[in-house]
Amino acid sequence: MNKIIKNLVPVIVCCILGLIFYLLFSFAFGSNETKVNQRTDSSSKQAASKQTKQKKKIRLVALGDSLTQGVGDTTNKGGYVHLIQEKLKKNNKLSVATENFGKAGDRSDQILERLKKSASMQKQLSNADVIVLTVGGNDLMQTLQKNFTSLSSADFTKVMASAEKVYTDKLNKLLQSVRIYNAKAPVFIYSVYNPFYVYFPRLTQLQKYTNEWNNVTLQVIAKKRNIYMVQINKQLSEGQYLGKTSQLKTTTVTDLDKLNGNKLTQIVSNKEEKNNYLSSDDHFHPNLKGYNYMTERLYAVMMKHKKTWLNEVNN
């Protein structure tokens, strides 16, 4: 018995020593591994925090025509430019500085000409976090006004094709110039709309060419980085008749070819047909309701692409 115990002692001692070494080894290296993991986790959290850190203040610069100027806004505060500033402040807790370089009547080439000549516009653009642009409406209107009586003819298709090529070139030049002063800030560009839709819903050529004009813009920006379309065409064109256009067409019997000046004025002044998203003064520019809609659409697209302007550090 004593001999058996004597022989087991070395085995037991070896087991105990092995267990001690195992525990020491596990403690030393396991602890170190935990520290490494903790450091890795900490680094990951810091990196993630760095990537998603949001700006506390931004600068929004708006360029364009009367829609940027805010014509039709009865509050005289600047239309969507003022409204998007207030919305960003309220919803995102941001300090928002804005610059409004809208000018009524400007076509794309005239906006470009102002930009080239204005040191103030150039400086503000270079400091912008967000750039918003309304352009194209006056280019389209110029073409339509010159050829209004021939809208229904086959010849007008050729006129529009030529005008769209010219506008493509002008829009490219404008956007290229914007990028000279600011290569990084996202550009949000509004679509154009057909303010005559509710008065002449049967004149389908007007809406057709409005849609084509917007497609030109889409084709241009598709080849560029960080430029996004803000679609307002359908709602501002159809107003309160959105989704009810078939009903509108049955109650509207206007024949454009038979209208004289007095009859045209009478129709456009008819409050029963008035687009309630547009100004009652000119039935052309948005009213406050229209500008609120423009703001909602702009905000939605901005938030969809918020990494391009809201994050302090972008990927």
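Everything numeric here is computed off the predicted structure, so don't read it as measured data. (Residues numbered from 1 in each chain as written. Predicted model: local features only at pLDDT ≥ 70, side-chain atom pairs only at ≥ 80, totals over all residues. Heavy atoms only, no water.)

## Overview of the overall build of the protein
This is how it is decided: Runs of H or I in DSSP of at least four residues are treated as helices and runs of E of at least two as strands, each being numbered from the N terminus. Classification of residues uses two cut-offs on accessible area relative to the type maximum, computed with a 1.4 Å probe and protein chains only: under 20% is buried, over 50% is exposed, and between them is partly exposed. Note on areas: these come from Shrake-Rupley sampling with a 1.4 Å probe, and a residue is covered only by the protein chains present in the view.
Assigned secondary structure in the protein consists of 12 helices and 5 strands. By the burial criterion, 43% of the 315 residues in the protein qualify as buried. Carbon and sulfur atoms make up 54% of the accessible area of the protein, which totals about 17800 Å².

## Regarding the packing of helix α6 (residues 137–146) against helix α7 (residues 155–181)
The test is simple: Lines fitted to C-alpha atoms define the axes here, with helix axes fitted over just the stretch in contact, and angles between the N-to-C directions of these axes take values from 0 to 180 degrees. Convention used here: angles under 35 degrees read as roughly parallel, angles over 145 as roughly antiparallel, angles from 65 to 115 as roughly perpendicular, and any remaining angle as oblique. Crossings are assigned a handedness: left-handed for a near helix turned anticlockwise from the far helix by less than a right angle, right-handed for a clockwise turn. We call two residues in contact when some of their heavy atoms are within 4.5 Å. Following the grouping adopted for this structure description, the nonpolar residues are Ala, Val, Leu, Ile, Met, Phe, Trp, Tyr, Cys and Pro, the charged ones are Asp, Glu, Lys and Arg, and the polar ones are all others, Gly among them.
Here α6 crosses α7 at 155°, and the two axes come no closer than 11 Å. On the basis of their axis angle, the class for α6 and α7 is roughly antiparallel. Classified by chirality, the crossing of α7 by α6 is right-handed. On α7, the residues touching Asp139, Leu140, Thr143 and Leu144 of α6 are Phe156, Val159, Met160, Ala163, Tyr167 and Lys170. Considered class by class, the residues forming the contact of α6 with α7 number 7 nonpolar, 1 polar and 2 charged.

## Some thoughts on the sheet that holds strand β2 (residues 95–102)
Using the following cut-off: Two strands qualify as a pair provided that DSSP identifies no fewer than 2 bridges between them.
Taken in spatial order, the 5 strands line up as β2-β1-β3-β4-β5 in an open sheet, and their pairing is parallel. Here the strands that pair on one side only, and so sit at the sheet edges, are β2 and β5 (227–230). Shown here is a sheet whose adjacent strand axes are inclined to one another by a mean of 20°, direction ignored. Both strand β4 (residues 187–190) and β5 contribute to a ladder of 4 bridges, which runs parallel. If you follow Ile189 over to β5, its bridge partner there is Met229. Across the sheet, helix α5 (residues 119–126) is in contact with β1 (57–64), β2 and β3 (130–134); its angle to β1 comes to roughly 140°. The sheet strands contacting helix α12 (residues 288–304) are β1, β3, β4 and β5, and the helix crosses β4 at an angle near 145°.

## A few points about α7
Put simply, the rule reads: The length a helix should cover is 1.5 Å for every residue beyond the first.
In a regular helix each residue adds 1.5 Å, so 27 residues correspond to 39 Å; α7 covers 41 Å between its end C-alpha atoms and thus fits that length. By the burial criterion, the buried members of α7 are Phe156, Met160, Ala163, Glu164, Tyr167, Leu171, Leu174, Leu175, Ser177, Val178 and Arg179.

## What to know about the pairing of β3
Along any regular strand the residues' side chains alternate between the sheet's two faces. Among the 5 residues that make up β3, 5 are buried, leaving the element largely enclosed by the rest of the structure. The side-chain alternation of β3 yields two buried faces, one formed by Val130, Val132 and Thr134 and the other by Ile131 and Leu133. Of the pairings in the sheet, the one linking β1 to β3 comprises 5 bridges and is parallel in character. Residue pairing across strands places Val61 opposite Ile131, the latter belonging to β3. Examined bridge by bridge, β3 and β4 share 3 bridges and lie parallel to one another. Counted as the bridge partner of Val132 is Phe188 from β4.

## Digging into the pattern of salt bridges
Our working definition: Any carboxyl oxygen of Asp or Glu within 4 Å of a side-chain nitrogen of Lys or Arg constitutes a salt bridge here.
In the structure shown here, the tally under the stated rule is 10 salt bridges. Note that Arg107 and Asp109 form a salt bridge whose closest N and O atoms lie 3.3 Å from each other. Taking the relative accessible area as the measure of exposure, Asp109 reaches 26% and is therefore partly exposed. Of the charged contacts in the structure, one is a salt bridge between Asp169 and Lys173, with a shortest N-O distance of 3.3 Å. With Asp169 and Lys173 both in helix α7, this residue pair falls 4 residues apart, about one helical turn. Lys173 gets classed as partly exposed once you look at its relative accessible area, which sits at 44%. Here the salt bridges share partners, and the residues they tie into one network are Arg107, Asp109 and Lys170.

## As for empty space enclosed by the protein
Test applied: Only protein atoms enter the 1 Å grid used here, on which a cavity is any set of points holding a 1.4 Å probe that cannot leave and a pocket is any open set flanked by protein within 12 Å on both sides along at least five of seven lines; residues with an atom within 4 Å of a point are listed as lining. Grid points are joined across faces, edges and corners, and a volume is the space filled by probe spheres set on the points.
One pass over the full model with this rule turns up 1 cavity of 30 Å³ or more. Contributing to the lining of the largest cavity are 16 residues, with Leu67, Gly137, Asn138, Val192 and Tyr193 lying nearest its centre. At the level of secondary structure, the elements contributing two or more residues to the lining of the largest cavity comprise α2 (66–69) and α6. Taken together, the residues that form the lining of the largest cavity break down as 9 nonpolar, 6 polar and 1 charged.

Read these as geometric descriptors, not functional statements.
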